[in-house]
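Residue-level structural notes
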Amino acid sequence: MTEPRIDSIAEFGRTLTENISRVIVGKKTEIRLILTALLSEGHILLEDVPGVGKTMLARALAKSIGGTFSRIQCTPDLLPSDITGVSVFDQKAGEFAFHPGPIMAQVVLVDEINRATPRTQASLLEAMGEAQLTVDGTSYQLGPPFLVIATQNPIEFEGTFPLPEAQVDRFFMRISLGYPTLDEEKEILRRQQSEKPLIGLESCSCPQEVVLLQRLVRDVYVEESIRDYIIRLTHATRSHRSVKLGASPRGSLALLRASQAWAALEGRDYVIPDDVKHTAVSILAHRLILSPESEMRGLTGDAVIKELLNQVPVNAEP
Amino acid sequence: MTLACALFSWAVGSLLGQYISLFYGDWNFPVWLYGLLFLLSFESVFYSAYVLSPRTPLTWRFLEIGLMWFLVTICLRMGRSFSYPWWAVWRAAVDKAFLFPFGLAFLTWSIAGGFGQQLSRMKRIADELGDQAASTISWEFESLALKPENSSIPLEYFLRRWVGFAVLFAGLAIAVRRSGIQIASPFLMAGLYTLLLGTGLVAQGSAYLERLATIWEQIGLEYPRVLTANWIRSLLIVSLVLMVLINVIPVDFSPLTYDDLVRFFFSLLHRFSADSPALPEVPEEDLSPPGGGGVLQLPWQADEEEPPMWAGIIALLYIVVFVGGLGMAVAVFVGFVIVTFAQSELERLRGLPKAAVQFYLAVRTAFQQAYSFVFSGFRSVKRYAATKAWSLSRSQGEPEGVYTSPSRRDDPLAQDIRGAYRQLVQQATSIGLVQKSSETPGEFGRQLQQTVPEHEPEIADFIDAYHLARYSHHALDDRLTARALSAAGSVLSSLRRMVRRKQIDRTTD
């Protein structure tokens, strides 16, 4: 494969968006954010009420980029070995043979992740953090590319286990899809009246291309003042009156990567402050732990980040 | 244009004074009057063009006339004694020694004021002209120009003054010749007449060009500079023709007079016929005015000794430096105090305090312009040196199209675009669109697009170029920079127009 140029990322974004839009009606910004996470080698947490198309979006993305896909349906009785795989003694060969679990795929959909016990959730930590898995002392490389798309329902509390902070921080991005508009919903009904659109969806890329583009995104130029702006933003989350625990340096790094990917999807090989602003809420909001009083008042991480985006100076022209 | 109008008014006043002294033998045109008329014409045209507004109090105009009276009195009394004191206005009003200079000063001041008002009107028309379809711009310009009832458009005003005074003085010259009065300084008269024609033509032509440039700017086209060059070339040709005509017309101030022509043709004929009659000699006494010699002898010159020229010049300098300078300093100081302490109450000022503020602001603007003029030259040299150094560093091994961050700061093209962005922000602030520190250039650009929707594509282009200049690592090429700067220029001019319109609205409210 020839070395792609920065323009090919924008083209890739357009093609994938078009392909996913055959299944998902509207939600262009959310699709763009998901592509940003994919190109930044990050994992996505789709958080929303049931029935808005979280799973379908994840499956459409997996199908669009080709590669291996697996799905983990989380339940309270799910064991870590159900995810990672298990070594079974082969009587014929007289040795243990490793049977890989569903995590051994390039795109993994972890559906309703908060229904799994913390022990099971923790089994995803190494995989998501280092793109490798250690079972019985043997390490297995995951991907590339390796993308975890987890979905969770924020409304239900019964029979759910909230994700621990360490786990949440490993998600590069949290996206809410929200309800479709009237016209969008009408279009959904029309499309799905006779057949499931996901069935006819073809892949329009390949994992190798995704890996190449991921590498290319890292070369997107970031000017000094943009880096300063990112740092000012994350520092501001740490000193905000309503925040108990602000964004970590991993958050700064994620925001930098996301800005690079967003810029590349826009067809630019340099980052501008708007790229940071476009991605900041999805990257930082879920990393904040708000003070109990603020939570009682109904304040959310999204609101805090939006407030900070309206306060932290950009320093466009000194 | 203001300079041409001032010179035109001065030439009219001076020529008229010369003819009065020729026709009315009891009065001679004093030397100091040239300087005084020059001063007044400049003052009047500049004041009317840049300071005067419909709301300027009448007292200020009366003060100008009072100052004129004062100056004429001082100049007249330098080195001469009068039978009545300087404050005896009723005596001066019937004294031709005072009345003629004062009348000329007033006339020159009025003519120059008229020109200044037309210049100010042209500016206002340009400000009011906007949001019009390209096809109606020209029509709209003329209709705006004709807005005050029964008035002509500035172009016609300039033309009428030019033709009117040219014909008047040509008529006066012929009348002088016919009446047999001999002119003491024909070259001075010819020079003044040439100046009158030349400056009148420059003023008229510049008004025409100004109108063209305004219309072109409104329809979003760049005014071609070649038009100005063509016009200057045409002006030079017309001026040359005029010079030739002035020197050929057989009037008294021309070296080629009617007599010369007759003499020339007569001698030509004489060559071919030996017995032709001799050239008739014009008797000297026929050309002389009654009771005078070759040059007009004014009656007062016989009794009194005329003050020397240096005395008049010194008097004028004295007045300008001390009286004018002191008055200016007082006005500037008062204006400064009012501006500093009154701040937002400035619009409520009336009468003399308002005039002082206007004067102070005008002086401040003049100083700012002079400062920027001096330093723009310095900056140009610096920029040229930076461009050279930068292009040299690029040619010495830096990769094409990409360079590191420190040299980006030295890139003069990027600096130009960033400077234009700063200007845009500054100008937008003056119309109330303040960029918040947390706003990105893109967000600012979108707000600006909502404010001036007619410049939406230009703003988008410029913001893209600004992003490239500010945040990218790419080399900017001249064409892109030129396009971005031109886009910024058109947006800036629109914003400036909005600011001016706001100021006009505030003044008229």
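Residues numbered from 1 in each chain as written. Chains lettered and ligands numbered in written order. Predicted model: local features only at pLDDT ≥ 70, side-chain atom pairs only at ≥ 80, totals over all residues. Heavy atoms only, no water.

Now for the overall build of chain A. Helix and strand counts for chain A stand at 14 helices and eleven strands. Classification of the 318 residues of chain A by burial places 53% in the buried group. Pairs at least 24 apart in sequence give 78% of the contacts found in chain A among residues at least 6 apart. When the accessible area of chain A is evaluated, it comes to approximately 14900 Å², of which 53% is carbon and sulfur surface. (Helix = DSSP H or I, 4+ residues; strand = E, 2+ residues; numbered from the N terminus. Buried < 20%, exposed > 50% of the residue type's maximum accessible area, 1.4 Å probe, protein only. Contact = heavy atoms within 4.5 Å. Areas by Shrake-Rupley, 256 points an atom, 1.4 Å probe, with all protein chains shown as cover.)

Residue and element names in this part refer to chain A. Following the criterion strictly, the structure yields 15 salt bridges over all chains and no others. A salt bridge links Glu47 to Arg174, with the shortest nitrogen-to-oxygen separation between them at 3.7 Å. Here Arg174 lies in strand β9 (residues 173-175) and Glu47 lies in strand β1 (residues 44-47), a separation of 127 residues in the sequence. Here Glu47 falls in the buried class, since its relative accessible area comes to 15%. (Salt bridge = Lys/Arg side-chain N within 4 Å of Asp/Glu carboxyl O.)

What follows is about the interface of chain A and chain B. Between chain A and chain B, the residue contacts involve 21 residues of the former and 21 residues of the latter. Taken together, the connections running from chain A to chain B amount to three salt bridges. Here Arg446(B) and Asp274(A) are joined by a salt bridge, their closest N and O atoms 3.3 Å apart. Applying the counting rule to chain A against chain B returns seven residue pairs in polar contact (both at pLDDT 80 or more). The set of elements that each furnish at least two residues to the side of chain A that touches chain B consists of α10 (224-238) and α12 (273-284) of chain A. Of the residues in the side of chain A that touches chain B, the class split is twelve nonpolar, four polar and five charged. (Polar contact = N/O pair within 3.5 Å; in protein donor to acceptor, adjacent residues only side chain to side chain. Nonpolar A, V, L, I, M, F, W, Y, C, P; charged D, E, K, R; others polar.)

This brings us to the pairing of strand β3 (residues 85-90) of chain A. Residues and elements named next belong to chain A. Pairing of β3 with strand β4 (residues 95-100) involves six bridges; the strand directions are antiparallel. Within the sheet, the bridge partner assigned to Ser87 lies in β4 and is Phe98. If you look at the hairpin formed by β3 and β4, you'll find four residues sitting between the two strands, and Gly94 has a positive phi there, around 75 degrees. (Pairing = 2+ DSSP bridges.)

All names here are of chain B. Together, Leu326, Val330, Phe333, Val334 and Phe336 line one region of the surface with nonpolar side chains, adding up to about 490 Å² of accessible area. With respect to the helices, strands and loops of the structure, Leu326 is situated in helix α13 (residues 309-342). By relative accessible area, Leu326 is classed as exposed at 59%. (Patch = residues over 30% accessible without salt bridge, like charges linked within 9 Å, V, L, I, M, F, W, Y side chains within 5 Å.)

On to helix α1 (residues 6-20) of chain A. Residues and elements named next belong to chain A. In a regular helix each residue adds 1.5 Å, so 15 residues correspond to 21 Å; α1 covers 22 Å between its end C-alpha atoms and thus fits that length. Those residues of α1 that sit buried are Ile6, Ile9, Ala10, Phe12, Gly13, Leu16, Thr17, Asn19 and Ile20. Taken together, the buried residues of α1 touch α2 (28-39), α3 (54-65), α9 (207-217) and α11 (249-265). (Expected span 1.5 Å × (residues − 1).)

Core analysis: the largest hydrophobic core is formed by 103 residues, its most contacted members being Ile9(A), Leu38(A), Leu61(A), Ile149(A), Leu233(A), Leu448(B) and Phe462(B). Of the residues forming this core, the biggest block, nine residues, is contributed by α11(A). Excluding its chain neighbours within four sequence positions, the residues that come into contact with Leu38(A) are Phe12(A), Leu16(A), Leu61(A), Ile65(A), Leu147(A), Val210(A) and Gln214(A). Ranked by size, the runner-up nonpolar core spans 59 residues in total, among them Leu36(B), Ile111(B), Tyr193(B) and Leu201(B). (Core = buried A, V, L, I, M, F, W, Y, C linked by side-chain atoms within 4.5 Å.)

For the coordinates displayed, the defined rule picks out 14 aromatic pairs over all chains. Between the aromatic rings of Trp10(B) and Phe38(B), the centroid separation amounts to 5.6 Å while the plane-to-plane angle is 85 degrees, which identifies the pairing as edge-to-face. With Trp10(B) in helix α1 (residues 2-23) and Phe38(B) in helix α2 (residues 32-50), this residue pair connects regions lying 28 residues apart in the sequence. Taking the ring centre of Trp262(A) as reference, the NZ or CZ of Arg32(A) above it sits at 5.4 Å. The ring of Tyr270(A) carries Arg268(A) above its face, with NZ or CZ at 5.9 Å from the centroid. (Phe/Tyr/Trp six-rings, centres within 6.5 Å; stacked < 30°, edge-to-face > 60°. Lys NZ or Arg CZ within 6 Å of the ring centre and 35° of its normal.)

Residues and elements named next belong to chain A. Mapped onto the elements, Gln152 comes out in strand β8 (residues 147-152). Only 2.6 Å separates the side chain of Gln152 from the side chain of Glu47, close enough to count as a polar contact. The residues touching Gln152, leaving out its near neighbours within four places in the chain, are Leu45, Leu46, Glu47, Asp48, Lys54, Glu112, Ile113, Asn114 and Leu163.

Let's shift gears to the environment of Val110(A). Residues and elements named next belong to chain A. Here Val110 lies in strand β5 (residues 107-111). Between the C-alpha atom of Val110 and that of Gln152, which follows or precedes it by 42 residues, the distance is 8.9 Å. Once you skip the residues sitting within four places of it in the chain, Val110 turns out to touch Ile72, Cys74, Leu124, Val148, Ile149, Ala150 and Thr151.

Here we come to the side chain of Thr440(B). Inspection of the secondary structure puts Thr440(B) in the loop between α16 (412-430) and α17 (441-451). There is a polar contact of 2.9 Å between the side chain of Thr440(B) and the side chain of Asp274(A). The residues contacting Thr440(B), other than those within four sequence positions of it, are Pro273(A), Asp274(A), Lys277(A), Val314(A) and Gln435(B).

Further remarks concern the sheet that holds β9(A). Residues and elements named next belong to chain A. In spatial order, the strands read β2-β5-β8-β1-β9; together these five strands make up an open sheet with parallel pairing. At either margin of the open sheet sits one strand with a lone partner, and together these are β2 (69-73) and β9. Each strand axis lies, on average, 20 degrees off the axis of its neighbour in the sheet, ignoring direction. Sheet topology note: the β1/β9 ladder contains three bridges and is parallel. Paired with Ile44 across the bridge in β9 is Met173. (Axes fitted to C-alpha atoms, helices over the stretch in contact; angles between N-to-C directions.)

The next point concerns the pairing of strand β7 (residues 138-141) of chain A. Inspection of the sheet shows strand β6 (residues 132-135) of chain A paired to β7(A) by four bridges, in the antiparallel sense. From the neighbouring strand, Leu133(A) faces β7(A), where its bridge partner is Tyr140(A).

Attention now goes to helix α18 (residues 456-471) of chain B. With 16 residues, α18(B) extends 22 Å between its outermost C-alpha atoms, agreeing within 8% with the 22 Å of an ideal straight helix rising 1.5 Å per residue. Taken as a whole, α18(B) has its buried residues at Ile459(B), Phe462(B), Ile463(B), Ala465(B), Tyr466(B), His467(B), Leu468(B), Ala469(B), Arg470(B) and Tyr471(B).

Attention now moves to the packing of α2(A) against α3(A). All names here are of chain A. Relative to each other, α2 and α3 sit at 55 degrees, their axes nearing to 12 Å. On the basis of the axis angle, α2 is oblique to α3. You can see that α2 and α3 cross each other, and the crossing is right-handed. Contacts between α2 and α3 involve Ile31, Ile34, Leu35 and Leu38 from the first element and Leu57, Leu61 and Ile65 from the second. Considering only residue class, the contact of α2 with α3 consists of seven nonpolar, no polar and no charged. (Parallel < 35°, antiparallel > 145°, perpendicular 65-115°, else oblique. Left-handed = near helix turned anticlockwise from the far one by under 90°.)

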